[in-house]
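# Results of the structural survey
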Amino acid sequence: MERRSQLLSAAMAMVLTVAAVPALSVEPCGLCAREVAINPPLAACLLERYAVLATRGNGVIAVDLSDCERDRGIVASLPSVGQSTEDEPDLQFMLSRAQLDCLKTQLEKPGLVRDPLTRIDLGACE
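Conventions adopted
Residues numbered from 1 in each chain as written. Predicted model: local features only at pLDDT ≥ 70, side-chain atom pairs only at ≥ 80, totals over all residues. Heavy atoms only, no water. pLDDT = per-residue confidence, 0-100. Contact = heavy atoms within 4.5 Å. Buried < 20%, exposed > 50% of the residue type's maximum accessible area, 1.4 Å probe, protein only. Helix = DSSP H or I, 4+ residues; strand = E, 2+ residues; numbered from the N terminus. Pairing = 2+ DSSP bridges. Expected span 1.5 Å × (residues − 1). Bend = angle between axes of the 7 residues up to and from the residue. Polar contact = N/O pair within 3.5 Å; in protein donor to acceptor, adjacent residues only side chain to side chain.

## Regarding the confidence of the model for the protein chain
With 64% of its residues at a pLDDT of at least 70, the protein chain reaches an overall mean of 77. Under a pLDDT of 50 for its full length, residues 7–26 has, in the predicted model, zero contacts with residues more than four places off or in other chains.

## Some thoughts on the pairing of strand S4 (residues 118–121)
Of the two faces of S4, only the one carrying Thr118 and Ile120 is buried; Arg119 and Asp121 on the other face are not. Taken together, the four bridges between strand S1 (residues 35–38) and S4 define a ladder with antiparallel strand orientation. Its bridge partner being in S4, Ile38 is matched across the sheet by Thr118.

## Describing helix H2 (residues 40–53)
When the terminal C-alpha atoms of H2 are compared, their 19 Å separation across 14 residues agrees well with the 20 Å that a helix rising 1.5 Å per residue should span. A bend of about 30° at Leu47 is the largest found in H2. For H2, every residue scored as buried is listed here: Leu42, Ala43, Cys45, Leu46, Tyr50 and Leu53. If you follow the buried residues of H2, they end up packed against S1, strand S2 (60–64), strand S3 (92–96) and helix H3 (97–107). One side-chain oxygen at the N-terminal end of H2 lies 3.0 Å from the backbone nitrogen of Leu42; it belongs to Asn39.

Here it is in structure tokens:
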């Protein structure tokens, strides 16, 4: 009986110790994007998919916009050898849930996302 009481006391101490750890302490996401380059069609696509994206992942959400409509009209030429592709939108990236919510808020601001590309800083979103 005494052994059972000791085990119960030890178990309660462990529960109280775990409960004392802050629930909101989240490790920073090392794979998550710090910035997203996006254009108006991709922004609209991401906002349409937000509800589904927000229910995915365990802290990290993989966003894939590669099947979204990007442009209408003429196909852009391929970059020359050695030419930077920095003015291309990000089609696939990882975000934390806080970053996804922050990006949604940013994309909903009227006039923020413009053609051909807008870069949104997500560094302050965590």
